[in-house]
Amino acid sequence: MEKLDACIRNHDKEIEKMCNFHHQGFVDAITELLKVRTDAEKLKVQVTDTNRRFQDAGKEVIVQTEDIIRCRIQQRNITTVIEKLQLCLPVLEMYSKLKEQMSAKRYYSALKTMEQLENVYFPRVSQYRFCQLMIENLPKLREDIKEISMSDLKDFLESIRKHSDKIGETAMKQAQQQKLFSVILQKQNNVKFGKTIYINDRIPEERNEIVLKPVFEEEDENEEEVLTVQDLVDFSPVYRCLHIYSVLGDEETFENYYRKQRKKQARLVLQPQSNMHETVDGYRRYFTQIVGFFVVEDHILHVTQGLVTRAYTDELWNMALSKIIAVLRAHSSYCTDPDLVLELKNLIVIFADTLQGYGFPVNRLFDLLFEIRDQYNETLLKKWAGVFRDIFEEDNYSPIPIVNEEEYKTVISKFPFQDPDVEKQSFPKKLPMSQSVPHIYIQVKEFIYASLKFSESLHRSSTEVDDMLRKSTNLLLTRTLSSCLLNLIKKPHIGLTELVQIIINTTHLEQACKYLEDFITNITNISQETVHTTRLYGLSTFKDARHAAEGEIYTKLNQKIDEFVQLADYDWTMSEPDGRASGYLMDLINFLRSIFQVFTHLPGKVAQTACMSACQHLSTSLMQMLLDSELKQISMGAVQQFNLDVIQCELFASSEPVPGFQGDTLQLAFIDLRQLLDLFMVWDWSTYLADYGQPASKYLRVNPNTALTLLEKMKDTSKKNNIFAQFRKNDRDKQKLIETVVKQLRSLLNGMSQHT
């Protein structure tokens, strides 16, 4: 406390010193303030007076200032209105533009305008009521655009459905023209380098005339203008609709609808007409519609993104291809005209080439063509069967008469006949074959040409074409021609002379087969020495036909012999022979001589076989006549008369009616009859019975049954009309001898039976 008091005292002293130091200044300041007080009052009065005067003077300024403020506010409001209107005007202009685009059907532009309105303009004026009305109206406009664009798409789909055939026809013609130019260019190159596709250029010329002629005509008409799918179809509805749905974000719906509708149209296009197979126009319409459909799809694939995809078109094509193959396989089976089948093949080739040019796989179509090729060959075979039948019907079955050198060259130009002996003969002369031979040879070549027509444009090698030609020609020879020959040979009106000529004809046709092989080789340029080259089976075909004709000759010759034998009218009860051979037998022998004279043109073995067969059949027929069960009685005079006839047969056999027999080979045909008749004529039964069974027996060929049967017919019985009733004593003795021999023969037969 003391220290505190001391500190306080110190401070008080300092304060007192401070106050004392400033006191004079304070007194001076108060004095000055007092002096200023009087001046301040004067100043206050002056300021108050001045303020009064200013207030009075500023009243008019205040009024004018308030007017200025009011004008400035109006000016600011006007500026604000102008700014807002400038902000709204573009919106209204765009909306007006939208209405104009809708009226002009520029829907894609309208959608773009809507996008600008929604993204750019509406946000600026969204607070205004008119903007809300516009915003509410846009969805309705979008729906209207979708409906209108979809309606346009439906009209487009209907339009291309109607114009698919025109589109396809144009595309196929263009593909055909391109292929023609390629063929011409290839020919020019081949000529330039010394090569030829065909030695006989007939087929390509015919093809150019028949198949490609319409193309040239069309090309002349439209030489200046090459139509494309865009020229024939307006695709803008598809583009618009696709763009519209893309803008609307509903592209998937559009794609699904388009694909669904096109699949429906594909099924309609692939459905053929029931009578499509009757004319080529039916097939052409079917192909052009399909080509038109897929050309449109290919165009859509390449000019749009995502509307159709390669996977979609491949799936659609595979479905269509299966249907097309099934339809063609079914309808082509009804085609019986080879020309129609060939035109169908040409259409399929053009159809395949056209779609292949658009990137569609067509290998299955060419596989189908191989099936149709077999059918084409079948129709050709049927057609040529009729041709061959007509040739055979018109043939006179006589050697071809040749009057002069010109006629000879004409025949040689048609048929490769080579015979030095005939060539040396002077005119007039005859060729051994008949008119049917060159005609058949020509028709076989025509068949090869016709078969070759189908092989063109199949994208096959020359080896495969050669193989196809040879196989089809083999079918013609082995089936068609062989069948026609066999049917001809079996016809009743074909006589022995005709059969002889048929054998001669088949011989020459057989020799001509090697020329047919050369002909095919010249067409295909494939050597016959190639390992896999198919050989022609004409040799076996004509051999079979010749064998059939030979067999028919034997049959008809035997039938003719039977006809003569049926004319035999023996008096089996005659007591004495007439002293000469029967008339029917002499007529038969004369007939055989004339026939065998015709047989001189036949191969030696055929004539010899026919002669031997005829003699054997005659011998058998005569033997059966003696042993006929209906013949109950026979006299020795009848046996002697029968012996005279057999002697004439033996004389005929020994006269060598057909050259080439060795010794008495032909006479052996009558050996059975001769030994039997000798046995009865000589009545040498003791020798027969004694030597029976011995290899050196004189009557080795006489069968005991045969001898017994004939003796039974000569035996006298009281139960029958005995042919020996009028005989004298020696005849009755002979009758007893017959009975004795009959008993001995029966004993011999019984012994043989027991031994067996």
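Note that the structure is predicted; figures quoted are calculated from it, not measured.

Asks: Honestly, the packing of aromatic side chains in this entry has me stumped. Any pointers?
Replies: What characterises a pair of aromatic rings is the spacing of the ring centres plus the angle enclosed by the ring planes. Enumeration over the complete set of coordinates arrives at 29 aromatic pairs. Look at F294 and W317: their rings are 5.2 Å apart centre to centre, the planes differ by 90°, and that puts the pair in the edge-to-face class. One end of the pair, F294, is in helix 9 (residues 280–303); the other, W317, is in helix 10 (residues 310–332), and 23 residues separate them in sequence. Relative accessible area serves as the criterion here: at 0%, W317 is assigned to the buried category. When the centroid spacing of 5.6 Å and the interplanar angle of 80° are considered together, the rings of W384 and F447 count as edge-to-face. Of the two residues, W384 sits in helix 12 (residues 363–394) while F447 sits in helix 15 (residues 436–455), which places them 63 residues apart along the sequence.

Asks: Explanation requested: the side chain of T521 in the structure shown.
Replies: Turning to its location among the elements, T521 is positioned in helix 17 (residues 496–524). Only 2.9 Å separates the side chain of T521 from the backbone oxygen of E517, close enough to count as a polar contact.

Asks: Honestly, the side chain of E550 in this entry has me stumped. Any pointers?
Replies: Within the secondary structure, E550 sits in helix 18 (residues 538–566). The contacts of E550, once residues within four sequence positions are left out, are I503 and V606.

Asks: When you look at the environment of Y397 in this model, what are you seeing that I'm missing?
Replies: Within the fold, Y397 resides in the loop between helix 12 and strand 1 (400–402). Spatially, the C-alpha atoms of Y397 and V500 are 8.9 Å apart, while their sequence positions differ by 103 residues. Setting aside residues up to four positions removed in sequence, Y397 forms contacts with F392, S434, L488, I494, E498, Q501 and I502.

Asks: Would you mind showing me how to read unusual backbone geometry here?
Replies: Glycine aside, residues mostly have negative phi, and peptide bonds are mostly found in the trans state. With omega at -5°, the peptide bond leading from F427 into P428 counts as cis. On the secondary structure map, P428 appears in the loop between helix 14 (420–424) and strand 2 (429–431). Backbone geometry at Y397 places phi at a positive 55°, although glycine is not the residue there. In this model, W683 sits at a positive phi of 60°, which is unusual for a non-glycine residue. Judged by its relative accessible area of 15%, W683 falls in the buried class.

Asks: Explain a nonpolar patch on the surface here, please?
Replies: Taken together, the side chains of F26, V27, I30, L33 and L34 define a hydrophobic patch exposed on the protein surface, amounting to about 480 Å² of accessible area. For L34, a relative accessible area of 54% gives the class exposed.

Cut-offs used in this document
Residues numbered from 1 in each chain as written. Predicted model: local features only at pLDDT ≥ 70, side-chain atom pairs only at ≥ 80, totals over all residues. Heavy atoms only, no water. Phe/Tyr/Trp six-rings, centres within 6.5 Å; stacked < 30°, edge-to-face > 60°. Helix = DSSP H or I, 4+ residues; strand = E, 2+ residues; numbered from the N terminus. Buried < 20%, exposed > 50% of the residue type's maximum accessible area, 1.4 Å probe, protein only. Polar contact = N/O pair within 3.5 Å; in protein donor to acceptor, adjacent residues only side chain to side chain. Contact = heavy atoms within 4.5 Å. Patch = residues over 30% accessible without salt bridge, like charges linked within 9 Å, V, L, I, M, F, W, Y side chains within 5 Å. Areas by Shrake-Rupley, 256 points an atom, 1.4 Å probe, with all protein chains shown as cover. Salt bridge = Lys/Arg side-chain N within 4 Å of Asp/Glu carboxyl O.

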